[in-house]
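Coordinate inspection notes
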There are 4 protein chains.
Amino acid sequence: MDYTYAPGRNHLFVPGPVNIPDQVLRAMNRNNEDYRSPAIPALTKTLLEDVKKIFKTTSGTPFLLPTTGTGAWESALTNTLSPGDRIVSFIIGQFSLLWVDQQKRLGFNVDVVESEWGRGADLDVLASKLAADTAHTIKAVCIVHNETATGVTNNLATVRKILDEYQHPALFLVDGVSSICALDFRMDEWGVDVALTGSQKALSLPTGMGIVCASPKAIEASQSAKSLRVFFDWKDYLKFYKMGTYWPYTPSIQLLYGLKAALDLIFEEGLDNVIARHTRLGTATRLAVEAWGLKNCTQKEEWFSDTVTAVVVPPYIDSSEIVRRGWKRYNLSLGLGLNKVAGKVFRIGHLGHLNDLQLLGCLAGVEMVLKDVGYPVKLGSGVAAACAYLQNNIPMIPSRI
Amino acid sequence: MDYTYAPGRNHLFVPGPVNIPDQVLRAMNRNNEDYRSPAIPALTKTLLEDVKKIFKTTSGTPFLLPTTGTGAWESALTNTLSPGDRIVSFIIGQFSLLWVDQQKRLGFNVDVVESEWGRGADLDVLASKLAADTAHTIKAVCIVHNETATGVTNNLATVRKILDEYQHPALFLVDGVSSICALDFRMDEWGVDVALTGSQKALSLPTGMGIVCASPKAIEASQSAKSLRVFFDWKDYLKFYKMGTYWPYTPSIQLLYGLKAALDLIFEEGLDNVIARHTRLGTATRLAVEAWGLKNCTQKEEWFSDTVTAVVVPPYIDSSEIVRRGWKRYNLSLGLGLNKVAGKVFRIGHLGHLNDLQLLGCLAGVEMVLKDVGYPVKLGSGVAAACAYLQNNIPMIPSRI
Amino acid sequence: MDYTYAPGRNHLFVPGPVNIPDQVLRAMNRNNEDYRSPAIPALTKTLLEDVKKIFKTTSGTPFLLPTTGTGAWESALTNTLSPGDRIVSFIIGQFSLLWVDQQKRLGFNVDVVESEWGRGADLDVLASKLAADTAHTIKAVCIVHNETATGVTNNLATVRKILDEYQHPALFLVDGVSSICALDFRMDEWGVDVALTGSQKALSLPTGMGIVCASPKAIEASQSAKSLRVFFDWKDYLKFYKMGTYWPYTPSIQLLYGLKAALDLIFEEGLDNVIARHTRLGTATRLAVEAWGLKNCTQKEEWFSDTVTAVVVPPYIDSSEIVRRGWKRYNLSLGLGLNKVAGKVFRIGHLGHLNDLQLLGCLAGVEMVLKDVGYPVKLGSGVAAACAYLQNNIPMIPSRI
Amino acid sequence: MDYTYAPGRNHLFVPGPVNIPDQVLRAMNRNNEDYRSPAIPALTKTLLEDVKKIFKTTSGTPFLLPTTGTGAWESALTNTLSPGDRIVSFIIGQFSLLWVDQQKRLGFNVDVVESEWGRGADLDVLASKLAADTAHTIKAVCIVHNETATGVTNNLATVRKILDEYQHPALFLVDGVSSICALDFRMDEWGVDVALTGSQKALSLPTGMGIVCASPKAIEASQSAKSLRVFFDWKDYLKFYKMGTYWPYTPSIQLLYGLKAALDLIFEEGLDNVIARHTRLGTATRLAVEAWGLKNCTQKEEWFSDTVTAVVVPPYIDSSEIVRRGWKRYNLSLGLGLNKVAGKVFRIGHLGHLNDLQLLGCLAGVEMVLKDVGYPVKLGSGVAAACAYLQNNIPMIPSRI
């Protein structure tokens, strides 16, 4: 039995879970296997090498955890920090807020820097705090690369610059859940110590794999970190890595083969082409929003996100109603406004394995829903704006034939 | 290895093969089975009952032939006619032309009635011929319900009316390849003797099953028809139907389960709702074409097809280039112009398991391609026209939740 | 809804349709595509080259027809012969009988050579007929390489030798349905003019593709052959081959990709290794039958089939009951005895993508069923005999890891 | 690319991950969906009700955690206990040992009761400890229902009896990873406070879902338990249960639909029939082991496991070599001996969606491998013993046809 509504395809435009490429679905359409046979370690070995490329790291150590993004967060924190450690963390939307909540519940001393939702992390405050912290009581700076709730991308290069400026030894922990494989991310160049993502985001897999990558400094920190952890403990993984069997407990065979297929697709397209495609679709979306006469929740261009756009609706409209009708009438899945922006924004996710016409179908759907809820949109206006941009900016991807 | 181009989904808008619903893909994702076990006959029995509903017949006998539409044509002709038999047949486009070609090659005496491509079958000529044929030398009238090459739908009720008017006993043979399950089709009410379709059309299955339905009169005719046939011979099927084992030779297990899933989806939506959905999407497409300032190849509204629209391009544009660029740039599959209309029209197939936003994505893609080949289309115009219609005409389909 | 009985896997041991490898199921798990895009012709071109290898031909022309084995038969006959042509054909079991029935119904003058079921084709009679036919009235010799109903393999090299001995120009038409890709078959070396198989046999695909390969002599014959044919006409294929679009009508996209995957598997294993594997499993099966104290329907070792074994049951047992109970009690699909040997034999198909333990599970199941129907089998005896052989004859297949 | 060796199916007989039914594979062959749409909560609601049945509880609260068995352990412990809490725990094999290791690392005061590997938990010692603990310092009794490393099933009813006898309020925490859905398990009747399993065991799903069920007493305990937890915290789930959205973070859409299909299969067969089938296959396996002249690692019949059999090999054989050759030569996956029994035992997993002939194929394979490594097994002996039992004990499962 299925619960999806009505004929034709579901148009999935939440910012995760995202559309799975057919090639990945095919690769995952398989029986279980013994993960202690020679096959799975051989596959895992390849994956651990390949997955480093999406982090742009050569020195990092990746972990493919059978968990979600929330578990990946916990893994990043508990392996590198000890209870009571002071950390600087930013709240700029619902997901950074949830991470801070986790940080507090895990017993860290969280020095929270809040911004208005729709703005990026306040890095000036970070600079002041680091400047003041000559005693190096700050053990880590935790930041979300892309806040999925508001469509805000933080500038990680600047964070590194500030850390360097004050020669501060704090660990640099990054939630790359809605960025890695979609936005420009450079673990080694930016000196990120732990970066993480979830399989159901730009990797375009089902949910179930939290991918965490640790710098040598983070690995070193994990040897003395006192936070309690067992399931998420890197130590067990590292022990099995050394033995060449790789898995302290059972992985999902299907997700491993799926990850192989997903990475193959990304590398075939070219990681930089993948990132450029996200810029292209993100730009087209923003042009459509502008054409509709609506505001982007993100207040400045420097923070614009190429993976998700949060669209502000006029006060007389409940954005949840837009999401509800999109699903009910057009088999369109849009993202709700969350917490502080509930009812005020709806979100268009434009990340993962996606192309122009899929996005344009979504934009046309949004126009009809907007009209339907009483917003005086000019039908076709957003699509036209997006088309004009897209049609003039055809990427040069080498065809297979 | 795959040969598809670029990231994201392929947008399949040829008038067949069409998009397969996920539910059908799932149902077909299975190993072979022994077709002589009790399971397959039980499944077949259900299918033979269910499939009659899509023909709107209670008295017909269906055959699920492991073949294509071309094979289904041959089955219809060779089982009911004898070499040299005089038949009236219409050429109004490439597919009716191919059927006539087959009729000639099979040795029938074909009385061809041609129309300009873009017009329907000339039923006045049919009336004259039947009126003149008091000796009843005409053994069959063969007509394509929907000409896929030009997007022309013939009026079958009128054909029946003419046959009745002259009390002519000719068999009434209908190619319903791009109509059945999408357009209003009434086998019993219209006294159709043989109707046929292919699995890859509105049934939204893979290619490989020709579905032929024969009236009692056609079954009777098959007992004396002298055309040579073995593979396509209904007699072998009827023998196995009687034995309850159903298959004179091996069927595709996967297509049988797929057909079950496809029919379940159609009956859940409601056959009349399915037909209304095609009218809705066909109308939206035509409104877009009009907004683009382009002509429908179909010359009169009475012949407009709700499953395929052939769009006439200005003389300075080669329509094949539109199809080529659609595929190359936007992963969009449109139909080529064929034979007499090659280079002059491109076709948008809007049949099968499809919804509003899929079509709108296609229309947006066509707009970009049109612009790209130098046609001065106003971007967004067609989408706007389609949206305006669709948004005001939401169907009332009962949701599952 | 499924109709399969009980938990666990179905054990499919009919001699077709056979088990589909997971890799092939995965390759076929896909949406339709436009077969007029550049992708499908590119794929087809590769397939037409690759498929020649399984016939061991370089000069042959293959046709991938959307039909079954019965249709492939019809294609072979109608493209090379004219009504009334005299052909020599052999009946040695149900499938050769059905082919002869088709030959007669298609209007050929069939000179039938019958053998007792369980014996091979009587090639001495063939020799006499060819010797006597100095006027070359015999236009074709039609023979089944492997009779699926009795498990009898005919010696095709001898047929060629006889034809050569009398310098007889008759066409040499071979049904390789249950042989090609499993038994040693050499189209060019043996001067076979048309060879054919079905996708659901040793190729281990779903039903739906009849694969026919024609020698240059057969292609030449097709230019003057007068048998009526349209759907099965090679001429249309050859026309589209020349244009590089390959398909006169719609192919099954899924079967094309499936065929690619199936051929890739065969070539990776090595065609000769595949054939050796069939010899190995066929031998093991025969040793089990011997250990059970039962007779092989095939009367002489020279005719033993490595793809199917027909086992003769004692007169007090109805072999259909064995098949029925196998399915009902053990989810085991065995082949029925057909026609003259109905009730007297049951068949174990051991062709396609299959390995030792699958076969041994089947043999164990047969033992339990035999006991269940009152035959005094020593449980484990057949399995032991098969194991002893298999364990001492491990093939040297290069592992991937 | 695949890494599996050689043609034919892999024979998966490790005690998890186990074979996935085709129906479940089909149900999981699907794109992602928005888990905040109305569909997924509706599905989840059904699942939470249905899943209670496999625990035989009406009062329990289930959690479907995106994790493995190891994570499910951690969830059970951290939600009900506080650091320093005294717990009684048993080591009888590798998995109970790993759980104790986790308990210690999570900061509990673990009172370990060890048994020789191959014996069940020493419940007499439990009785003494409880008797002595009049102060109720013991907060929980933790026990593995079925030790997967040795094939030992503990008697949970007796544990409950002892707890009741001393009216001890300790929580009763059960690892049912290789028991639930395969062995008789009665959460309510036995007063189990937390029971847990993993999706890849008897539920026959891919790895990735830890299913934990908590009694009202456990839920109450969770309100005061002081162990740090965030990802595994039931509180977040309970909050979302109340809101009717169910998920504090993203679940695997595919596993949810897979679980529905898996439960549907179990309920169609009947949970008690499923359990009886495991008894039947377990018995057959043990009879084979006996026939081979080998010893079961489990020392007493009362502890025999119906989901996994650990077979002791003679001292001159390295059991790892058996596993290695089984995989390499016969595409057979057996379980290794772990830790104390490494090299000494190999394991046959016989749990999940499995039937007679699958098991018999495995047993035949084991015989060939045993012979191959120099053990003087009589080929066919184990298969014969298993067949004799199975053939005389056909279960009465109602067929669908």
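Quantities reported herein were computed from a predicted structural model and do not represent experimental measurements. Starting afresh in each chain, residues are numbered from 1 along the sequence in its written order. A letter from A marks each chain and a number from 1 marks each ligand, given out in the order of writing. The model is predicted, so local features are restricted to residues of pLDDT at least 70 and side-chain atom pairs to those at 80 or more, both for listing and for counting; the totals for chains, interfaces and linings are taken over all residues. The side-chain values count all of the structure's non-hydrogen atoms but skip hydrogen atoms and water molecules.

**Let's talk about the overall build of chain A**
Just so we agree on the cut-off: Strands here mean DSSP runs of E at least two residues long; helices mean DSSP runs of H or I at least four residues long; both are numbered from the N terminus. Based on C-alpha atoms, the radius of gyration is set beside the globule rule, defined as 2.2 Å times the residue count to the power 0.38. Any pair of residues with heavy atoms lying within 4.5 Å of one another is described as a contacting pair. For every accessible area listed, the method is Shrake-Rupley and the probe measures 1.4 Å; residues are considered covered only by the protein chains on display. Charge assignment: positive for Lys and Arg, negative for Asp and Glu; neither His nor the chain ends contribute. The location of each charge is read from NZ of Lys, CZ of Arg, CG of Asp or CD of Glu.
Counting secondary structure elements, chain A contains 13 helices and 14 strands. In terms of C-alpha radius of gyration, chain A reaches 21 Å, essentially the compact-globule figure of 21 Å for 401 residues. Once the C-alpha set of chain A is aligned to its principal axes, its extents read approximately 60 × 55 × 40 Å. Within chain A, counting contacts between residues at least 6 apart in sequence, those at least 24 apart form 73% of the total. Within the structure as shown, chain A displays about 12400 Å² of accessible surface, and the carbon and sulfur contribution to it stands at 52%. If you average the places of the 40 positive and of the 39 negative side-chain charges in chain A, the two averages end up 3 Å apart.

**Focus on the pairing of strand β10 (residues 210-214) of chain B**
Regular strands have side chains that alternate between both faces of the sheet. Residue and element names in this part refer to chain B. Selection rule: Burial here depends on accessible area, computed with a 1.4 Å probe over protein chains only, as a share of the maximum for the residue type. Under 20% is buried, over 50% is exposed, and the range in between is partly exposed. Whether two strands pair depends on DSSP finding at least two bridges between them.
Most of β10 is tucked away: 5 of the 5 residues are buried. Burial of the side chains of β10 extends over both faces: Gly-210, Val-212 and Ala-214 are buried on one face and Ile-211 and Cys-213 on the other. Sheet analysis places strand β2 (residues 61-65) next to β10, joined by 5 bridges and oriented antiparallel. Counted as the bridge partner of Pro-62 is Cys-213 from β10. Judged from the 5 bridges that link them, strand β9 (residues 194-198) and β10 form a sheet pairing that is antiparallel. Note on β10: the bridge partner recorded for Thr-197 is Ile-211.

**Considerations on the interface of chain D and chain A**
The extent of an interface is frequently quoted as the accessible surface area lost upon association of the parts. Spelled out, the test is: Here the buried area means the combined drop in accessible surface, using a 1.4 Å probe, for two parts upon being joined, counting both sides. Each reported salt bridge corresponds to a side-chain nitrogen of Lys or Arg within 4 Å of a carboxyl oxygen of Asp or Glu. Identification of polar contacts relies on pairs of N or O atoms within 3.5 Å, with a donor-acceptor requirement for protein atoms, meaning one able to donate a hydrogen and the other able to accept it, and with residues adjacent in sequence counted only if both atoms are side-chain atoms. Following the grouping adopted for this structure description, the nonpolar residues are Ala, Val, Leu, Ile, Met, Phe, Trp, Tyr, Cys and Pro, the charged ones are Asp, Glu, Lys and Arg, and the polar ones are all others, Gly among them.
The partner chain A presents 55 residues to the 55 residues of chain D that form the contact. Both sides of the chain D and chain A interface together cover about 4700 Å² of buried area, and 60% of this is carbon and sulfur. Where chain D meets chain A, there are 4 salt bridges. The partner of Asp236(D) in a salt bridge is Arg105(A), with the nearest N and O atoms 2.8 Å apart. Linking chain D with chain A are 16 residue pairs in polar contact (both at pLDDT 80 or more). Every element with two or more residues in the side of chain D that touches chain A is listed here: α2 (39-55), α3 (69-80), α4 (94-105), α8 (234-243) and α9 (253-269) of chain D. Among the elements that line the side of chain D that touches chain A, the one with the most residues is α2(D), at 4 residues. Classifying every residue of the side of chain D that touches chain A gives 26 nonpolar, 18 polar and 11 charged.

**Focus on the environment of Pro376(C)**
Residue and element names in this part refer to chain C. Residue placement: Pro-376 occurs in the loop between α12 (356-372) and α13 (381-391). The class for Pro-376 is exposed, based on a relative accessible area of 63%. Between the C-alpha atom of Pro-376 and that of Ala-121, which follows or precedes it by 255 residues, the distance is 34 Å.

**Re the relation of the copies chain C and chain B**
One chain copy maps onto the other through a rotation about an axis and a shift parallel to that axis. The cut-off we apply is this: Superposing the copies works by least squares over the C-alpha atoms of residues that have pLDDT at least 70 in both of them.
Taken as rigid bodies, chain C and chain B are interconverted by a rotation of 180° and an axial shift of 0.0 Å, the fit giving an RMSD of 0.0 Å. Both chain copies can therefore be described as sitting about a two-fold axis. When C-alpha distances to the rotation axis are compared across chain C, the minimum falls at Thr67(C), with a value of 2.7 Å. When you check the interface residues of chain C against chain B, 100% turn up at the interface there too, and the contact is symmetric in its surfaces.

**Notes on the sheet that holds strand β14 (residues 345-349) of chain A**
What holds strands together in a sheet is hydrogen bonding between their backbones, with the strands either parallel or antiparallel. Residue and element names in this part refer to chain A. Under the convention used in this document: Orientation is described by axes fitted as lines to C-alpha atoms, over the contacting stretch for helices, and by angles from 0 to 180 degrees between their N-to-C directions.
An order of β11-β12-β14 is seen for the 3 strands of this open sheet, with the pairing classed as antiparallel. Two strands lie at the open edges of the sheet, namely β11 (295-296) and β14, each paired on one side alone. Here strand β12 (residues 308-312) pairs with β14 via 5 bridges, running antiparallel. By the bridge assignment for β14, Val-312 is matched with Val-345. Against the sheet, helix α10 (residues 271-291) engages β11, β12 and β14, with an angle of about 10° to β12.

**Overview of the interface of chain C and chain B**
Contacts between chain C and chain B engage 55 residues on the former and 55 residues on the latter. Across the contact surface, chain C and chain B share 4 salt bridges. Mapped onto the side of chain C that touches chain B, the elements with two or more residues apiece are α2 (39-55), α3 (69-80), α4 (94-105), α8 (234-243), α9 (253-269) and β13 (332-334) of chain C. If one sorts the elements of the side of chain C that touches chain B by residue count, α2(C) sits on top with 4 residues. Here the side of chain C that touches chain B is composed, by residue class, of 26 nonpolar, 18 polar and 11 charged.

**A short note on the relation of the copies chain D and chain A**
Mapping chain D onto chain A calls for a screw motion: a turn of 180° about the axis and a shift of 0.0 Å along it, with 0.0 Å RMSD after fitting. The overlap is high: 100% of the interface residues of chain D also sit at the interface in chain A, so the same surface is used on both sides.

**So, the environment of Leu363(D)**
Considering the arrangement of structural elements, one finds Leu363(D) in helix α12 (residues 356-372). For the pair Leu363(D) and Val323(D), spaced 40 residues apart in sequence, the C-alpha to C-alpha distance is 13 Å.

**Examining the sheet that holds strand β12 (residues 308-312) of chain D**
Residues and elements named next belong to chain D. Here we have 3 strands laid out as an open sheet, ordered β11-β12-β14, and antiparallel in their pairing. The open sheet is flanked by β11 (295-296) and β14 (345-349), the only strands paired with a single partner. The strands that helix α10 (residues 271-291) touches are β11, β12 and β14; relative to β12, the one it contacts most, it runs at about 10°.

**A short note on the pairing of strand β8 (residues 171-175) of chain B**
Residues and elements named next belong to chain B. Judged by how many residues are buried, β8 sits mostly within the fold: 5 of 5 residues are covered. Residues Leu-171, Leu-173 and Asp-175 point to one face of β8 and Phe-172 and Val-174 to the other, with burial holding for every one of them. Bridge count for strand β5 (residues 138-144) against β8 is 5 bridges, and the pairing is parallel. By the bridge assignment, Val-141 is partnered in β8 with Phe-172. With 3 bridges joining them, β8 and β9 adopt parallel strand pairing. Of the residues in β9, the one forming a bridge with Val-174 is Ala-195.

**A word on the pattern of salt bridges**
Within this structure, the stated rule accounts for 100 salt bridges over all chains. Note that Arg286(C) and Asp306(C) form a salt bridge whose closest N and O atoms lie 2.9 Å from each other. Remark: Asp306(C) occurs in the loop between β11 (295-296) and β12 (308-312) and Arg286(C) occurs in helix α10 (residues 271-291); sequence separation between them is 20 residues. Each of the two residues, Arg286(C) as well as Asp306(C), counts as buried. Through salt bridges with shared partners, a single ionic network connects Asp101(A), Arg105(A), Arg229(D), Asp233(D), Lys235(D) and Asp236(D).

**A word on the confidence of the model for chain A**
We apply this condition: Per residue, pLDDT captures the predictor's confidence, and it can take any value from 0 to 100.
The pLDDT averaged across chain A works out to 96; a share of 97% of its residues lies at or above 70. In the predicted complex, the global pTM is 0.97; the interface-specific ipTM is 0.97.

**With respect to empty space enclosed by the protein**
Rules: Within this scheme a cavity is a closed region of a 1 Å grid, computed over the protein atoms alone, that accommodates a 1.4 Å probe without allowing it to escape, whereas a pocket is open but has protein on both sides within 12 Å along at least five of seven lines; lining residues each have an atom within 4 Å of a point. Grid points are joined across faces, edges and corners, and a volume is the space filled by probe spheres set on the points.
If you add up the space inside the largest cavity, you get close to 380 Å³. Looking at the lining of the largest cavity, the elements with two or more residues in it are α1 (22-28) and α9 (253-269) of chain A together with α1 (22-28), β2 (61-65) and α9 of chain D. Its residues assigned to classes, the lining of the largest cavity shows 22 nonpolar, 11 polar and 2 charged.

**Observations concerning the packing of aromatic side chains**
Spelled out, the test is: In summary, the pairing rule links any two rings of Phe, Tyr or Trp, Trp by its six-membered ring, whose centres are within 6.5 Å, and it sorts them by plane angle into stacked for under 30 degrees, edge-to-face for over 60 and tilted for everything else. Charges are assigned to positions over rings by a cutoff of 6 Å between ring centre and Lys NZ or Arg CZ, combined with an angular limit of 35 degrees from the ring normal.
In total, this model carries 54 aromatic pairs over all chains according to the counting rule given. Note on Phe185(A) and Trp190(A): the rings are 5.9 Å apart at their centroids and 85° apart in plane angle, and the pair reads as edge-to-face. Comparing Phe185(A) with Trp190(A), the two get one shared label, buried. Here Phe55(C) and Phe185(C) contribute two aromatic rings whose centre-to-centre distance is 6.5 Å and whose plane-to-plane angle is 75°, an arrangement assigned as edge-to-face. With Phe55(C) in helix α2 and Phe185(C) in the loop between β8 (171-175) and β9 (194-198), this pair connects stretches of sequence that are 130 residues apart. Given a relative accessible area of 0%, Phe55(C) falls into the buried group. According to the relative accessible area criterion, Phe185(C) is buried, its value standing at 2%. Of note, Arg30(A) hangs over the ring of Tyr257(A), and the distance from its end group to the ring centre comes to 3.5 Å. Just above the ring of Phe267(B) sits the side chain of Lys53(B); from NZ or CZ to the centre is 4.9 Å.

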